[in-house]
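Per-entry structural report
Residue-level listing of the chains:
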Amino acid sequence: MKKIILIALFLSTINFNTYSDQFDLRLKTLFDDLTLIENELNAGPTINQIWSIWSEIGNFEAQQKFNLGNQYMAKRQYLKSIDMFSEVLDIDPNFAEAWNKRATLHYIIGDYEKSVSDISKTLELEPRHFGALDGLAEIYISQDQFEKAAQTYKKILSNDPDNVDALRLFGLLAFKTKNYNLAEKLYLRTLTLMPSFSLAWDNLAKLYRIQNKLSEAIPAFSNLIKIDPTNFEALVSLGTIYTKLAKYEEGIQQYKKALLIDKTNARVYLSMGHALKTIGSREECERAYLNAIKYFPLSGEAYWSLANLKTYKFSSLQIKEMNKLITTKIPSVELIQIHFALGKALESNKEYSKSFGHYKEGNWLQRKEIDYNANSNSDLIEEYKIFFSSNKKFLDKYSGHDAKDPIFILGLPRSGSTLIEQILSAHSLIEGTQELPNIMATSKKIKLLNQDNGYPLNILDLDEAKLKELGRNYIDETKWSRTSKPFFIDKMPNNFLHIGLIKLILPNAKIIDARRNPMDACFSCFKQYFAKGQHFTYDLDDIARYYKDYINLMDFWNSIFPGDIYKTVSYTHLRAHETSLHL
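What counts and how
- Per chain, residues are indexed from 1 in the order of the written sequence.
- A pLDDT threshold of at least 70 governs which residues receive local features in this predicted model, and a stricter bar of 80 or more applies before side-chain atom pairs are shown or counted, although totals over entire chains, interfaces and linings include all residues.
- Excluded from the side-chain calculation are hydrogens and water; included are all heavy atoms of the structure.
- Secondary structure follows DSSP: runs of H or I at least 4 residues long count as helices, runs of E at least 2 residues long count as strands, and numbering of each begins at the N terminus.
- Throughout, exposure labels follow a simple rule: accessible area from a 1.4 Å probe, protein chains only, divided by the maximum for the residue type, with under 20% read as buried, over 50% as exposed, and the rest as partly exposed.
- For this analysis, residues touch if any pair of their heavy atoms sits within 4.5 Å.
- Calculation of accessible area relied on Shrake-Rupley with a 1.4 Å probe; when residues are assessed, cover is drawn exclusively from the protein chains displayed.
- The charge count includes Lys and Arg as positive and Asp and Glu as negative, but it does not include His or the ends of the chains.
- One atom stands in for each charge, and that atom is NZ of Lys, CZ of Arg, CG of Asp or CD of Glu.
- Residues enter a nonpolar core if they are buried and are Ala, Val, Leu, Ile, Met, Phe, Trp, Tyr or Cys, with the set joined through side-chain atoms within 4.5 Å.
- Within this document, salt bridges are pairs made up of a side-chain nitrogen of Lys or Arg and a carboxyl oxygen of Asp or Glu, the two lying within 4 Å of each other.
- Definition of a polar contact: a pair of N or O atoms within 3.5 Å, with one able to donate and the other able to accept a hydrogen when the atoms are protein atoms, and with sequence-neighbouring residues admitted only if both atoms are side-chain atoms.
- DSSP bridges decide pairing: two strands pair if at least two such bridges lie between them.
- Aromatic pairs are defined between Phe, Tyr and Trp rings, using the six-membered ring for Trp, whenever the two ring centres lie within 6.5 Å; interplanar angles under 30 degrees are classed as stacked, those over 60 as edge-to-face, and all others as tilted.
- Put simply, a disulfide is two cysteine sulfurs that come within 2.5 Å.
- In this scheme, a helix's expected span is set at 1.5 Å multiplied by one less than its residue total.
- An axis is simply a line fitted to the C-alpha atoms; with a helix, the fit covers only the stretch in contact. Between two such axes, the angle follows the N-to-C directions and lies from 0 to 180 degrees.
- Note on terminology: angles under 35 degrees are roughly parallel, angles over 145 are roughly antiparallel, angles of 65 to 115 are roughly perpendicular, and the others are oblique.
- Here a crossing is taken to be left-handed if its near helix is turned anticlockwise relative to the far helix by less than a right angle, and right-handed if that turn runs clockwise.
- In this classification, Asp, Glu, Lys and Arg are treated as charged, Ala, Val, Leu, Ile, Met, Phe, Trp, Tyr, Cys and Pro as nonpolar, and every other residue, Gly included, as polar.

1. Brief notes about the overall build of the protein chain
A tally of regular secondary structure across the protein chain gives 29 helices and 5 strands. Here the C-alpha coordinates of the protein chain stretch approximately 90 × 65 × 45 Å along the principal axes. Among the 583 residues that make up the protein chain, the fraction classed as buried is 52%. Put simply, of all contacts in the protein chain between residues at least 6 apart along the chain, 66% involve residues at least 24 apart. Summed over its atoms, the accessible surface of the protein chain is roughly 27,900 Å², and 52% of this surface lies on carbon and sulfur atoms. Side-chain charges in the protein chain split into 72 positive and 70 negative, and the spacing between the mean points of these groups amounts to 6 Å.

2. Focus on the nonpolar core
Nonpolar side chains in soluble globular proteins generally cluster together in the buried interior. Within the largest apolar cluster, 143 residues are counted, with the highest numbers of intra-cluster contacts made by F314, M322, F388, F408 and W557. The element best represented in this core is helix 28 (residues 540-560), accounting for 10 residues. Discounting chain neighbours no more than four positions away, the residues touching F314 are Y303, L306, A307, I319, M322, A341 and A345. By size, the runner-up hydrophobic cluster in this structure holds 14 residues, among which are M73, I82, A96 and L105.

3. Some points on the pattern of salt bridges
Per the stated rule, a full pass over the model turns up 23 salt bridges. As a salt-bridge pair, E233 and K206 come within 3.1 Å of each other at their nearest N and O atoms. With E233 in helix 13 (residues 232-244) and K206 in helix 11 (residues 198-210), the pair connects residues that are 27 residues apart, well separated along the chain. Residue classification places E233 among the partly exposed residues on the basis of a relative accessible area of 42%. Judged by relative accessible area, which is 23%, K206 ranks as partly exposed. Residue K527 is joined to E347 by a salt bridge in which the shortest nitrogen-to-oxygen separation is 2.8 Å. Residue K527 is located in the loop between helix 27 (518-526) and helix 28, and its partner E347 is located in helix 19 (residues 332-348); the two are separated by 180 residues in the primary sequence. Relative accessible area serves as the criterion here: at 22%, E347 is assigned to the partly exposed category.

4. Section: the environment of N494
Within the secondary structure, N494 sits in the loop between strand 3 (487-490) and helix 26 (499-505). Judged by its relative accessible area of 14%, N494 falls in the buried class. Expressed as a C-alpha distance, the spacing of N494 and A275, which sit 219 residues apart in the sequence, is 23 Å. Within polar-contact distance, the side chain of N494 engages the side chain of Q534 at 2.8 Å.

5. Some words on the pairing of strand 1 (residues 406-411)
In terms of residue burial, strand 1 counts as a mostly covered element, since 6 of its 6 residues are buried. Residue alternation in strand 1 divides its side chains into two sets, P406, F408 and L410 and I407, I409 and G411, and both sets are buried. Across 3 bridges, strand 1 lies against strand 3 in parallel orientation. Among the inter-strand pairings, F408 is bridged to a residue of strand 3, identified as D490.

6. Details of the packing of aromatic side chains
One pass over the full model with this rule turns up 25 aromatic pairs. Between Y547 and Y550, the ring centres sit 5.8 Å apart and the planes meet at 65°, which makes this aromatic pair edge-to-face. With a gap of 3 residues between them, Y547 and Y550 both fall in helix 28, about one helical turn apart. In this structure Y547 comes out as buried when scored by relative accessible area, which is 14%. Exposure remark for Y550: the relative accessible area of 1% places this residue in the buried category.

7. So, the state of the cysteines
Among covalent bonds in proteins, the disulfide is the one between the sulfur atoms of two cysteines. Evaluation of the coordinates by the stated rule reveals 0 disulfides. As a non-bridged cysteine, C525 has C522 as the owner of its nearest cysteine sulfur, 6.5 Å distant. The class of C525 is buried, set by a relative accessible area of 0%.

8. Some words on helix 10 (residues 180-193)
Here helix 10 contains 14 residues, and its C-alpha end-to-end distance of 20 Å stays within 8% of the 20 Å for a straight helix at 1.5 Å per residue. Looking at helix 10, one finds that the buried residues are A183, E184, L186, Y187, T190, L191 and L193. Where helix 10 is buried, its residues contact helix 9 (164-176) and helix 11.

9. What to know about the packing of helix 14 (residues 248-261) against helix 15 (residues 266-278)
In contact at an axis separation of 9 Å, helix 14 and helix 15 are set at 155° when each is read in the N-to-C sense. As summarised for this structure, helix 14 and helix 15 are arranged roughly antiparallel, according to the angle between their axes. Crossing of helix 14 against helix 15: the hand is left-handed. Between helix 14 and helix 15, the residues in contact are Y248, I252, Y255, K256 and L259 and V268, Y269, S271, M272, A275, L276 and T278, respectively. Grouping the amino acids of the contact of helix 14 with helix 15 by side-chain chemistry returns 9 nonpolar, 2 polar and 1 charged.

10. Points about the pairing of strand 3
The pairing of strand 2 (residues 430-432) with strand 3 spans 3 bridges and is parallel. Along strand 3, the bridge assignment pairs I430 with F487.

11. Description of the packing of helix 6 (residues 112-125) against helix 7 (residues 130-142)
Contact pair helix 6 / helix 7: the axes reach a minimum separation of 9 Å and the direction vectors enclose 150°. Taken together, the axes of helix 6 and helix 7 lie roughly antiparallel to each other. Handedness of the helix 6/helix 7 crossing: left-handed. Seen from helix 6, the contacting residues are Y112, S115, V116, I119, T122 and L123; seen from helix 7, they are A132, L133, G135, L136, I139, Y140 and S142. Taken together, the residues of the contact of helix 6 with helix 7 break down into 9 nonpolar, 4 polar and no charged.

12. Things to note about helix 11
Helix length check: helix 11 (13 residues) gives 18 Å between terminal C-alpha atoms against 18 Å at 1.5 Å per residue, within 8%. Among the residues of helix 11, S198, A200, W201, D202, N203, L204, A205, L207 and Y208 are the ones counted as buried. Taken together, the buried residues of helix 11 touch helix 9, helix 10 and helix 12 (214-227). Residue N212 follows helix 11 closely and has a positive phi angle near 65°.

The following block contains the structure:
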């Protein structure tokens, strides 16, 4: 039976004039009526009638005590309420809802053992009691007894395989235990039975999102919004997914719809500002960031986002406000970004000493927040060199997917990869994308094959078919970021660590090493707050050592792949001749 069931235990305090209980013949009709309801938002009256009948008892004294127990419950006088429901059960031990109410109270005060005992009695008297079943599963979940919770849902579904609420809640349990395949099957089964079940669409959309199945998440969120057009969270989530898929215009439209619901949400203005920056809508982008500050004056991210536009000129009033903020108690993530923003603002005003002071403080505060060890990075570089030099024969054999699509631009951050991408993507056959995480994700997958050996040693266990599969997966998994052009650019700078892997799985890919004057590159990294990663950039000594490691590894790659890596592209040369460069 396709039931629509309320989540959690119902805390009704309604008084009733008739006298019935779980044996009332009206219940069958009401449960049957639920199967005819296509939208759970319309099921409330029927469900309330069921609760109403469950809450009736054919004894005047017991009914009065039951109603009084509800009143104590509403006032959070839980012990008095327990006593009152116990008195009801002394009068009529077959009154299922009194057992359920007392179970709820035991759960609230943390006595799970007594709650389970009372729920068991509830279900013995009224097996259809969805509130009690939900409560039992919730207790098991709260105690990490996931198998018992699963068995509870299976018990419900064995008697009622089309119970959409049990299916959905079982899906939530599978999601919680990271059994994503089972969760997806349960959600899809739920939605097959009831296509208008908004909670199930919400669960399915979030399931896809957490697995980074963004293309699948779009229709799930879209269907949720069709059912519930004012669902703020869904609109924002859909906007974020669109922007992650480089569909910035669509993302911006979703953010604007969300702002019609809550025009004071600083987080949405920030996200919209980032998307507007990407598509070059500079004025609208600035307005979005300024609105973020308007509605959240402590927003260091918004101040830094303005500074990161590079040519934005802060007013003296804005600088004064930022200086005021750094003397107040604000979240560290905001404080750090305000220091970086002040560094940029004062650098533009040629107040270099004060500017450096803020860059230094911002970097120091961020350095304390992260876990980075320069020695470990150097050891990793040497490990890569030893592995690939010791297994040269493995590299010499032809392997991998024969696609010629990818062009990897790699190196240090802030070394001109974006400029090179802009120049190359001006060609009609080349698509500019973004910093794609797929190569690094592939290396992590290989590491997990045998955690005792890790990466890169596990590469030796990959045969030619597997290497080809990994290359094909990279091509397939990056299709969302591009159109039908024959070539595309992946400008993730950290991919220089994995050139050996790239050559194994995508031997025909082109690789460009983007370099800049060492002092310029390192200091530019020091002045940049990175939204994620690049942990080496928050200390000048760490930056210098990382640069040396980078040169060390690139020299090694060039020695074992001679002629396969495009020679150094000079950032300074590109900037000097930017307007005259043509493909």
